[in-house]
Amino acid sequence: MTQRKIIYLCALLYALIIGFSFLFTKVALGVSNPIDTLAYRFTISFLSILIPVAAGWVQLGLHGKKVWRLLLIGLFYPALFFAFQAFGLVYASSSEGGIIQASSPIFTMVLAAFFLKERTTWLQKLSVLASVGGVVYILMMKGASLNVANSKGMALLLLSSLMLAVYSVLARSLSTEFTALQITFAMMALGFICFNAMSIINHATHGTLPELLEPIKNRSFVVAILYIGILSSLVSALLSNYVLSKIEASQMSVFVNVGTLVSILAGVVFLNEQLAYYHIIGAVFIIGGVLGVNYRGRKRQTLKGKMSA
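Some remarks on the overall build of the protein
(1) Moving on: Of the regular secondary structure elements, the protein holds 12 helices and 0 strands.
(2) Moving on: When its helices and strands are written in sequence order, the protein yields α-α-α-α-α-α-α-α-α-α-α-α.
(3) Moving on: For 309 residues, the compact-globule estimate of 2.2 N^0.38 gives 19 Å, and the C-alpha radius of gyration of the protein, at 19 Å, lies within 12% of that figure.
(4) Moving on: Projected onto its principal axes, the C-alpha coordinates of the protein cover approximately 65 × 55 × 35 Å.
(5) Moving on: Taken over 309 residues, the protein has a buried fraction of 49%.
(6) Moving on: The long-range fraction of contacts in the protein, counting pairs at least 24 apart against all pairs at least 6 apart in sequence, stands at 89%.
(7) Moving on: Accessible surface, the protein as shown: approximately 15,000 Å² in total, 70% of it carbon and sulfur.

And the structure:
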């Protein structure tokens, strides 16, 4: 198997993990509030990567490197991304959140063009729009709508999508200096510190600190938090950071929408939701968009290889 195929398989695995994370997150949020869920999520994630590093099984190799640059990427994602998303969903619906998050590849394409000087063809631009349009079309047909009255929630959700785009661009730019493991370690560490601090402060303010441990008595919560903590946070971050070190940020960004498609199909398979014609139409646009963006990328890489040879 060629390295190119491995890269795209990693990107697809990332989308698959992210897609199923919505189901498990829904289970976790049925037991705990958003901030506590995030605190547990990143505690599991950070411990999962810290233990092998502390035991010496994995070497980080950060000596002599500008670690503060890694802290910057952790600030944007997961800290600001999840914070804006969590508080945005207080004022807006989850369907509105899904529609707005689908716009992230557009932000990524613009930021990557400005900061990374990534060049995209008209076909790639149209493919990104097709991918975004596929998600929006499915959600709109399911009855979702954008309520401008929820302006505060909409603004926060837009900021969360922007943070995801900033992360993609930063991870791509830092990939020449840091490994995927180093970037992921910083992300999990920042998530652990930020969300545990928010959770503890919140409980301390309301005098409910003993309630912080209540969710782990629920078996469903434990299973859900293990999935979103280990697979959806840690493994997906490793995959994303690895892929971003190999292909352009604009190419990787459209796989976010594949994850949304997986979550919709998971609802059909596991929650007995009806598979409608608009699911199929939307899926064609999403997958077609991914293929369009990355087809041109492969062609350009081939030409570069021939020129360098």
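Digging into the confidence of the model for the protein
(1) Moving on: Within the protein, residue pLDDT values average 86, and 91% of them lie at 70 or more.
(2) Moving on: In the model, residues 296–309 has pLDDT below 50 throughout and makes 12 contacts with residues more than four positions away in sequence or in other chains.

Structural notes on the nonpolar core
(1) Moving on: Counting residues in hydrophobic clusters, the biggest one holds 76 residues, and the most contacted among them are I73, Y167, M187, M188, M252 and F255.
(2) Moving on: The biggest single contributor to this core is helix α9 (residues 219–244), with 10 residues.

A few points about the pattern of salt bridges
(1) Moving on: According to the stated counting rule, one finds 3 salt bridges in the structure shown.
(2) Moving on: The salt bridge partner of R69 is E177, with a shortest N-O separation of 2.4 Å. With R69 in helix α3 (residues 67–91) and E177 in the loop between α7 (151–174) and α8 (180–206), this pair connects stretches of sequence that are 108 residues apart.
(3) Moving on: The partly exposed category is assigned to E177, whose relative accessible area is 26%.
(4) Moving on: Taking the shortest distance from any N to any O, the salt bridge between E118 and R172 comes out at 3.9 Å. In this pair, E118 sits in the loop between α5 (104–115) and α6 (122–141) while R172 sits in helix α7, placing the two residues 54 residues apart along the sequence.

Concerning the packing of α5 against α7
(1) Moving on: Following both chains from N to C, one finds α5 and α7 inclined at 45°, their axes separated by 8 Å at the closest point. For the element pair α5 / α7, the angle class is oblique. Crossing of α5 over α7 shows right-handed handedness. Residue-level inspection shows S104, F107, T108, L111, A112 and F115 of α5 in contact with α7, the latter providing L158, S161, L162, L164, A165, V166, S168 and V169.
(2) Moving on: Classifying every residue of the contact of α5 with α7 by side-chain character gives 10 nonpolar, 4 polar and no charged.

About the cut-offs
Residues numbered from 1 in each chain as written. Predicted model: local features only at pLDDT ≥ 70, side-chain atom pairs only at ≥ 80, totals over all residues. Heavy atoms only, no water. Helix = DSSP H or I, 4+ residues; strand = E, 2+ residues; numbered from the N terminus. Rg over C-alpha atoms; globule rule 2.2 N^0.38 Å. Buried < 20%, exposed > 50% of the residue type's maximum accessible area, 1.4 Å probe, protein only. Contact = heavy atoms within 4.5 Å. Areas by Shrake-Rupley, 256 points an atom, 1.4 Å probe, with all protein chains shown as cover. pLDDT = per-residue confidence, 0-100. Core = buried A, V, L, I, M, F, W, Y, C linked by side-chain atoms within 4.5 Å. Salt bridge = Lys/Arg side-chain N within 4 Å of Asp/Glu carboxyl O. Axes fitted to C-alpha atoms, helices over the stretch in contact; angles between N-to-C directions. Parallel < 35°, antiparallel > 145°, perpendicular 65-115°, else oblique. Left-handed = near helix turned anticlockwise from the far one by under 90°. Nonpolar A, V, L, I, M, F, W, Y, C, P; charged D, E, K, R; others polar.

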